[in-house]
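So you can see what is in the structure, the chains are spelled out below.
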Amino acid sequence: MLGKLIKYDLKSMFRSLLPVCGAFIVVGFLAGISFPNTIDSDTTSGVVLLWGTILFALIALTVAVSIISLIIVITRFYKNLLGNEGYLSFTLPVTTGTHLAAKCISGYIAFALAVISGIISYGLFAVFACARTGDLDEIGEFFNGIFTAIAEFASAQMHYAVVFVLMAIVSTIMALIKIYFSIMIGHQASDHKILMSFVAYIVITIIESVISNIIGMVFIGVGVFASLFGEMTFAFAVTTLILNTVLTIGYIFGTYYLLNNRLNLE
Amino acid sequence: MALLELRQVSKRYGNKSALDCVDLQLEEGRIVGLLGPNGSGKTTLIKLANGLLRTSNGAILIDGKEPSPETKSIVSYLPDKDSLPDWMKVDDIINYYVDFFADFDVDRAKEMLGSLNIDSKMKLGKMSKGTREKVRLILAMARKSKIYFLDEPIAGVDPAARDYILKTIISNYEPNALVIISTHLIADVENVLDEAVFLREGHVVLHQNVQELIEEKGKSLDGYFREVFAC
């Protein structure tokens with residue numbers, strides 16, 4: 001049943017997301033192939049203007065894909081579970097936990113698609129632009145350099161690398177489930193449910209910051225200044241990872257509890 | 001054992017009581033009218049039975065079990081809200097029902113849709129309201145369920161569509177199933193009902209065989225309803 005729920009979530013979201021991601025990739029490619037290989041007095045202003053326009057479109061699409069993917073994921077959760085479609089969704093022979101798991105997995109797939117389309121888009125831009133300027137070898141060296149630096153850091157500071165990877169995983173899970181939790185809190189309001197969801201999100205974020213700064217103050221002395229100067233001890237990193245993991249688990253249980261016990265479809 | 005049983009069921013929203021200590025037992029093989037004015041608790045009762053709400057007190061049992069995925073697999077629900085996704089075509093929603101409901105009879109559904117000349121490639125969002133209502137009803141009645149909950153199945157459609165809907169209900173439900181029709185349009189449904197349950201302000205004020213009631217009171221079910229719920 002989980003796979004079927006994910007299938008229909010993705011079918012619904014991909015109707016809007018795929019065209020936007022597709023356009024993003026295409027524009028990245030166009031930005032690459034229209035890149036002026038030299039800019040001098042012989043370069044026509046039309047060539048530069050064309051490339052500039054495409055570059056502007058690429059930047060606009062970068063912002064658009066980020067915002068649109070977020071709106072699509074939020075809208076899918078809201079409409080499919082809390083809107084009129086909820087009357088169909090919650091009468092399927094499926095547990096609340098399965099519904100929540102499906103929304104988390106399909107939400108990440110949607111976000112991952114947006115990120116991957118960005119990587120492909122800018123990758124195509126870089127490759128084709130460098131091909132036009134004859135700097136293709138340098139791109140290879142550039143990426144090789146990055147991977148080598150990462151590998152060297154990971155092998156020299158393995159414990160930090162592990163914590164950073166775990167933090168990345170937990171943070172992405174936390175970001176999505178925090179949104180769902182805020183939506184469910186807003187759903188409890190008798191009126192202005194969407195507004196209350198935004199308020200809940202802001203309040204939760206403030207509480208997170210306060211807790212995080214208190215922990216920072218305990219470990220480093222003055223949490224805010226420490227984060228500005230980038231000082232971080234391994235213990236602080238691990239504590240932050242544990243805190244985020246605890247918060248994520250809390251948001252998951254909170255969302256599940258509200259969906260299972262406080263659902264009130266209009 | 002009753003197919004649907006409510007034992008001292010209450011549902012409160014803050015200080016307001018939507019259902020108050022309701023006891024009710026409904027057996028299989030009946031078409032039951034759940035009747036009452038707006039706000040009497042009909043939809044709340046149906047939502048509780050479908051696991052869309054939790055009781056404040058008491059227990060609601062479907063075939064002896066509390067609402068769960070297991071009970072949802074034997075209950076077919078036609079809500080009063082249009083719950084179908086606009087973006088799906090008729091073929092898509094049929095596949096959706098096939099995917100999730102083991103008791104969905106796809107041949108029966110396609111036969112009913114075909115008899116109405118409904119294009120299976122048409123998007124649900126592009127249909128008229130009346131056609132969507134018929135598609136929703138067909139999907140609900142094409143399931144071979146033990147219980148059918150039909151919440152206001154004929155409200156908001158024209159008289160010709162109402163006749164089609166009622167004919168579809170009585171000719172397509174499983175013979176041993178329990179069909180519960182919640183409506184305030186009693187005159188249109190009373191000819192198909194075996195039993196009537198009257199709800200007033202969250203309480204069951206009557207539960208009786210319709211034929212017995214008509215003979216006892218000497219008037220139609222609609223006429224008696226108007227008498228009981230006169231303002």
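Just so it is clear, the structure is predicted and the values come from calculations on it, not from any experiment.

Peer 1: Help me out: how do you make sense of the pattern of salt bridges in this one?
Peer 2: In a structure, side chains of opposite charge can pair up when their charged atoms sit close to one another. Here the structure, examined in full by the defined rule, presents 20 salt bridges over all chains. For Asp-99 of chain B, the salt bridge identified is with Lys-7 of chain A, shortest N-O distance 2.8 Å. Taken together, the residues Asp-99 of chain B in helix 3 (residues 90-100) and Lys-7 of chain A in helix 1 (residues 2-33) connect one chain to another. Residue Lys-7 of chain A is classed as partly exposed on the basis of its relative accessible area, which comes to 36%. Where Arg-108 of chain B meets Asp-105 of chain B, a salt bridge forms, and the shortest distance between an N and an O atom there is 3.9 Å. Shared partners join several salt bridges into a network, and the residues in it are Asp-9, Arg-76, Glu-85 and Lys-103 of chain A.

Peer 1: How should I be thinking about the sheet that holds strand 1 (residues 4-13) of chain B in this particular structure?
Peer 2: Strand pairing in a sheet relies on backbone hydrogen bonds, with the paired strands running either antiparallel or parallel. All names here are of chain B. Within the open sheet, the three strands sit side by side as 2-1-4. Their pairing is antiparallel. With one partner strand each, in any of the chains shown, strand 2 (16-26) and strand 4 (57-62) form the two edges of the open sheet. For this sheet the average axis-to-axis angle between neighbouring strands, irrespective of direction, equals 20 degrees. Pairing of strand 1 with strand 2 involves seven bridges; the strand directions are antiparallel. Each bridged residue has a counterpart across the sheet, and for Val-9 the counterpart in strand 2 is Val-22. Those strands touched by helix 1 (residues 42-49) are strand 1, strand 2 and strand 4, and its axis lies near 115 degrees from that of strand 1.

Peer 1: Can you help me understand the environment of Leu-34 of chain B in this one?
Peer 2: On the secondary structure map, Leu-34 of chain B appears in strand 3 (residues 31-35). Note on Leu-34 of chain B: relative accessible area 3%, which makes it buried.

Peer 1: Honestly, the packing of helix 2 (residues 45-82) of chain A against helix 6 (residues 158-187) of chain A in this entry has me stumped. Any pointers?
Peer 2: Between two packed helices, both the angle of their axes relative to each other and the distance between the axes serve to describe the pair. Residue and element names in this part refer to chain A. The geometry of helix 2 relative to helix 6 is characterised by a closest axis approach of 11 Å and an angle of 45 degrees between their N-to-C directions. Taken together, the axes of helix 2 and helix 6 are oblique relative to one another. Handedness of the helix 2/helix 6 crossing: right-handed. Between helix 2 and helix 6, the contacting residues are Leu-70, Val-73, Ile-74, Phe-77, Tyr-78 and Leu-82 on the first element and Leu-176, Ile-179, Tyr-180, Ile-183, Met-184 and His-187 on the second. In terms of residue class, the contact of helix 2 with helix 6 is made up of 11 nonpolar, one polar and no charged.

Rules of the game
Residues numbered from 1 in each chain as written. Chains lettered and ligands numbered in written order. Predicted model: local features only at pLDDT ≥ 70, side-chain atom pairs only at ≥ 80, totals over all residues. Heavy atoms only, no water. Salt bridge = Lys/Arg side-chain N within 4 Å of Asp/Glu carboxyl O. Helix = DSSP H or I, 4+ residues; strand = E, 2+ residues; numbered from the N terminus. Buried < 20%, exposed > 50% of the residue type's maximum accessible area, 1.4 Å probe, protein only. Pairing = 2+ DSSP bridges. Axes fitted to C-alpha atoms, helices over the stretch in contact; angles between N-to-C directions. Contact = heavy atoms within 4.5 Å. Parallel < 35°, antiparallel > 145°, perpendicular 65-115°, else oblique. Left-handed = near helix turned anticlockwise from the far one by under 90°. Nonpolar A, V, L, I, M, F, W, Y, C, P; charged D, E, K, R; others polar.

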